[in-house]
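# Tertiary structure, described
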Amino acid sequence: MMIVDDESLVRIGFQTIIDWENHGYHVSGVYRNGLEAWEAIEHEGPPDVLLTDIRMPEMDGLELIHRIREKNIVMNILILSSHEEFKYLRTSIQLGVQDYILKHLFDPDELIQILNQLNYSHLTESSIEEQIVVADLDLEKQLLLRKTRTLSGIIMKETGIEVASYPNLLRKWNNNETHGCWIVIRALPSQNGYLDSDLKALGYLLQELIERFSQNVYIGMDQNLFHFQCFPESEVNIVDEKIFAEISDTVRHNLNIPIVVGISERGAFLTEMIKMRKQAEDAVYKSFYFGAGIYQYNSARPMTNIMASEWVDLKKKALELLKDKQRDSIYKWMSGVGELFAEKYTPEEAVRFLQMVYQQFIKSRAERFLVDKDTLEKEINPLVLTYEISEFVSSWPELLRITQDMMEEQDRAFLLITQRSPWLETVITFIHEHYAESIRLEEAAQITNFNTNYFSQLFRNETGFTFLEYVTKVRIDKARELLENPKLSAEEIASRIGYPNANYFVKVFKKVTGTTVSEYRTLLKS
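In this text, all values refer to a predicted model and were calculated from it rather than measured experimentally. (Residues numbered from 1 in each chain as written. Predicted model: local features only at pLDDT ≥ 70, side-chain atom pairs only at ≥ 80, totals over all residues. Heavy atoms only, no water.)

### Quick word on the environment of Leu-205
Among the structural elements, Leu-205 can be located in helix 8 (residues 196-210). What makes Leu-205 buried here is its relative accessible area of 0%. On a C-alpha basis, the gap between Leu-205 and Ser-8 in space is 7.6 Å, while along the polypeptide they are 197 residues apart. With sequence-adjacent residues up to four places away left out, Leu-205 is seen in contact with Ser-8, Ile-12, Val-251, Asn-254 and Leu-255. (Helix = DSSP H or I, 4+ residues; strand = E, 2+ residues; numbered from the N terminus. Buried < 20%, exposed > 50% of the residue type's maximum accessible area, 1.4 Å probe, protein only. Contact = heavy atoms within 4.5 Å.)

### A few points about the packing of aromatic side chains
If you walk through the whole model with that rule in mind, you get 19 aromatic pairs. Geometrically, the ring pair formed by Phe-288 and Tyr-289 is edge-to-face, given 5.1 Å between the ring centres and 85° between the ring planes. Across the pair, Tyr-289 and Phe-288 agree in class, each one buried. When the centroid spacing of 5.4 Å and the interplanar angle of 50° are considered together, the rings of Phe-341 and Phe-353 count as tilted. Here the residue Phe-341 occupies a position in helix 13 (residues 327-344), and Phe-353 occupies one in helix 14 (residues 347-368), the gap between them amounting to twelve residues. Among the residues examined, Phe-341 registers a relative accessible area of 0% and is labelled buried. Pairwise contacts between aromatic rings join Trp-423, Phe-450, Tyr-454, Phe-455, Phe-459, Phe-465, Phe-467 and Tyr-470 into one cluster. In this structure, Arg-475 packs its charged tip against the face of Tyr-499, placed 5.1 Å from the ring centre. (Phe/Tyr/Trp six-rings, centres within 6.5 Å; stacked < 30°, edge-to-face > 60°. Lys NZ or Arg CZ within 6 Å of the ring centre and 35° of its normal.)

### Looking at the nonpolar core
Counting 32 residues, the largest nonpolar core has Ile-431, Phe-455, Phe-459, Phe-467, Phe-505 and Phe-509 as the members making the most contacts within it. Looking at this core, the elements that each hand over two or more residues are helix 17 (424-434), helix 18 (441-448), helix 19 (452-463), helix 20 (467-482), helix 21 (490-496), helix 22 (502-513) and helix 23 (517-525). With residues up to four places along the chain from it excluded, the contact list for Phe-467 reads Val-427, Ile-431, Ile-439, Arg-440, Leu-441, Ala-444, Phe-455 and Phe-459. With 31 residues, the next largest nonpolar core counts Leu-314, Met-356, Trp-396 and Met-406 among its residues. (Core = buried A, V, L, I, M, F, W, Y, C linked by side-chain atoms within 4.5 Å.)

### Some points on helix 22
When the terminal C-alpha atoms of helix 22 are compared, their 16 Å separation across twelve residues agrees well with the 16 Å that a helix rising 1.5 Å per residue should span. All of the buried residues in helix 22 are Ala-502, Phe-505, Val-508 and Phe-509. End-on, the buried residues of helix 22 take up no more than an arc of 120°, which puts them together on one face. Helix 22 presents Asn-503, Lys-507 and Lys-511 as exposed residues on the side facing more than 90 degrees away from its buried surface. Its buried side turned inward, helix 22 meets helix 20, helix 21 and helix 23. Two to three positions downstream of the cap, the backbone nitrogen of Asn-503 sits 2.9 Å from a side-chain oxygen, assigning the N-cap of helix 22 to Asn-501. Backbone geometry just downstream of helix 22 places Gly-514 in the positive-phi region, at approximately 85°. (Expected span 1.5 Å × (residues − 1). Arc of directions from axis to C-beta. Polar contact = N/O pair within 3.5 Å; in protein donor to acceptor, adjacent residues only side chain to side chain.)

### Digging into the pairing of strand 8 (residues 225-230)
Moving residue by residue along a regular strand, the side chains alternate between the two faces of the sheet. The buried fraction of strand 8 amounts to six of the six residues, a majority that puts the element mostly inside the structure. Along strand 8, one buried face is formed by Leu-225, His-227 and Gln-229 and the opposite face, lined by Phe-226, Phe-228 and Cys-230, is buried too. Two elements, strand 6 (residues 179-187) and strand 8, share five bridges in a ladder whose sense is antiparallel. Within strand 8, the position partnered with Val-184 by the bridge is His-227. Pairing analysis gives five bridges linking strand 7 (residues 217-222) to strand 8, with the strands arranged antiparallel. Following the sheet pairing, Gly-220 is matched in strand 8 by His-227. Linkage of strand 7 to strand 8, two consecutive antiparallel strands, is achieved through a turn of two residues, within which Gln-223 is found at a positive phi near 55°. (Pairing = 2+ DSSP bridges.)

### As for unusual backbone geometry
In this structure, Asn-72 is a non-glycine residue whose phi angle is positive, near 55°. Along the chain, the position of Asn-72 falls in the loop between helix 3 (61-70) and strand 4 (76-81). Unusually for a residue other than glycine, Asn-224 sits at a positive phi of about 65°. Examined against the element boundaries, Asn-224 turns out to sit in the loop between strand 7 and strand 8.

### Some remarks on the side chain of Asn-216
Along the chain, the position of Asn-216 falls in the loop between helix 8 and strand 7. For Asn-216, the side chain forms a polar contact with the main-chain oxygen of Ile-210, separated by 3.0 Å.

### Quick notes on the pattern of salt bridges
Tallied over the entire structure, the rule returns 19 salt bridges. The partner of Asp-222 in a salt bridge is Arg-149, and the shortest N-O contact between them spans 2.8 Å. Here Arg-149 lies in the loop between helix 6 (125-147) and helix 7 (167-173) and Asp-222 lies in strand 7, a separation of 73 residues in the sequence. Of the residues examined, Asp-222 reaches a relative accessible area of 7% and is grouped as buried. Of the charged contacts, one joins Glu-484 and Lys-315 as a salt bridge, the two residues approaching to 3.4 Å between their closest N and O atoms. (Salt bridge = Lys/Arg side-chain N within 4 Å of Asp/Glu carboxyl O.)

Listed below in structure tokens is the structure:
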């Protein structure tokens, strides 16, 4: 069936409100006016059913029906119109229209009942073959989407596809020399998400808008991304962004959905298709940093993963800033890192970075406030102990805000726990500032103005550690950080954490961690 109406929401509504395929029907085309529909009939052949509005620009529905009847083209025709256009009923009857449906009284079940009662005896063998071709074309598109998928972060070889599997699409590609771009469009993720009907309507509207230009082909939706193949008429390497800016405005106006467009570099479809799809998907994910918009892939500045050496530097900087009691410094640094990531790193790496900072934040606060794992699990909201990223988190700024909110919630939780022992923070700060020196129990007791024996007992009751055990824990944790630097020897690390004797340090490290220093470094490499 063919749908013709000048109102985009009506066209979309008729495509989405009924599951046509389950009722045995296929929407072969959707057009804005009679002229577009007539040109499609002339070039692609007539549909079995025409569902058309009356009043439309360029060519109205009555003129379209008149041409169809004048050319003796056999098809069932249903008129869609508003109540005030009922005066056209007589004319439509004279033109042999099968039924007249008022928009404001439209009922999907009633329309299906009307369609099922129509006479389809005019169907010929050739029209049935055309339906089979349409079905095969849809299957080819589904196959193409499966065969061109890539894993995130994997660099694909410039391999082509088995052309023999796509005879109908091959006609769209024209010949083996066809060049163009792969286009990926997605709805900008929303905190409330989208209904399936919203995405279905978006797909129909995008297909209609994009296929108006040149020989563009809608391939389908895969993993919440809408895929198109674009055949620019010129040999320019990029697609005209003005077209997609207009499409974006139209979608937002009609569906109130902001969209993101990713455009690959120009390439040969038959030999570079997998690479082109990956490029378009990489481009569309730039929206994680910059929001809705149009993004052209740039091979000179591809999005990559963080190198191991860079990751070590980021972790060291995070640990250094987390020692500061003021959160502003770590927030400012995290924001600056986001600007760096936007230039070259994938969204997955940005999420991984914030997860690392948050985990180190929990660890540093737990050490500072002497909170063990059991206490964390019992007294702190479980939601702030894990870092789950919703699929609807749409941007780096939003993710950064969520992370900061969780860190502040964590600090409030720690404060509630430590209100029972306000002197502990002073002692813990002292240990963290002087772990590389010879720290004595008597010195710590003196800070709190407690008797040494009383302080030792109280410290153990509050923390679950003896004073020496806690100092050892702080030193070994610091040793783990220093061991990430392969240039530092065991002797140098021992000296930096307060163990003048390297052999003694090695023995303590093995006792606390269960591994030797060399084994631990091997684990770090792997």
